[in-house]
Amino acid sequence: QVQLVESGGGFVQAGGSLRLSCAASGGTFSSYVMGWFRQAPGKEREFVSAIGRSGRSTVYADSVKGRFTISRNSAKNTVYLQMNSLKPEDTAIYYCAADRYSSNWSKVDEYDYWGQGTQVTVSS
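Conventions we followed
- Residues numbered from 1 in each chain as written.
- Predicted model: local features only at pLDDT ≥ 70, side-chain atom pairs only at ≥ 80, totals over all residues.
- Heavy atoms only, no water.
- Core = buried A, V, L, I, M, F, W, Y, C linked by side-chain atoms within 4.5 Å.
- Buried < 20%, exposed > 50% of the residue type's maximum accessible area, 1.4 Å probe, protein only.
- Helix = DSSP H or I, 4+ residues; strand = E, 2+ residues; numbered from the N terminus.
- Contact = heavy atoms within 4.5 Å.
- Salt bridge = Lys/Arg side-chain N within 4 Å of Asp/Glu carboxyl O.

> Sorry, what's going on with the nonpolar core here?
Proteins that are soluble and globular tend to have nonpolar side chains buried together. Within the largest apolar cluster, 34 residues are counted, with the highest numbers of intra-cluster contacts made by M34, W36, V79, L81, M83 and Y94. When residues of this core are traced back to their parent elements, those giving at least two are β3 (18-25), β4 (33-39), β5 (46-51), β7 (68-73), β8 (78-83), β9 (92-99) and β11 (118-123). The residues touching Y94, leaving out its near neighbours within four places in the chain, are E6, L20, W36, F37, R38, V48, F68, L81, M83, G117, T118 and V120.

Pasting the structure below:
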């Protein structure tokens, strides 16, 4: 059983920055593709970014490309999402996810393990 715990969310003004962290335990971190998703009230869960097992391959949703950066630290079993130039439309609960066998990194149903989420609120 893989456990994922997100942290780093909070309130920020438009144009500001936050860094989210996701700490993994209960599995072999390097065996998993890691993803970030977000969900606003009344909306579907939306792909944000994902990173490969080695950390060298990354993908981003068009809505965050150029503003967000995903990374992972194998020594700390942690994946990060650096969020810059935040906009009010980025407001959502952000979830970390892990998948042992993922072949389509942008699909919600490819991931088996999910964190509890961390709230990000961007004010204008």
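> Could you clarify how one ought to interpret the pattern of salt bridges in this entry?
One side chain can pair with another of opposite charge once the charged atoms of both are near each other. Evaluation of the coordinates by the stated rule reveals four salt bridges. For the salt bridge of R38 with D90, the shortest nitrogen-to-oxygen distance reads 2.9 Å. Placement of the pair is R38 in strand β4 and D90 in the loop between β8 and β9, with a sequence separation of 52 residues. The residues R38 and D90 share a single accessibility class, namely buried. Between D62 and K65 there is a salt bridge; the shortest N-O distance is 3.2 Å. An identical accessibility class is assigned to D62 and K65; each is exposed. When salt bridges that share partners are traced, they join R38, E46, R67 and D90 into one network.

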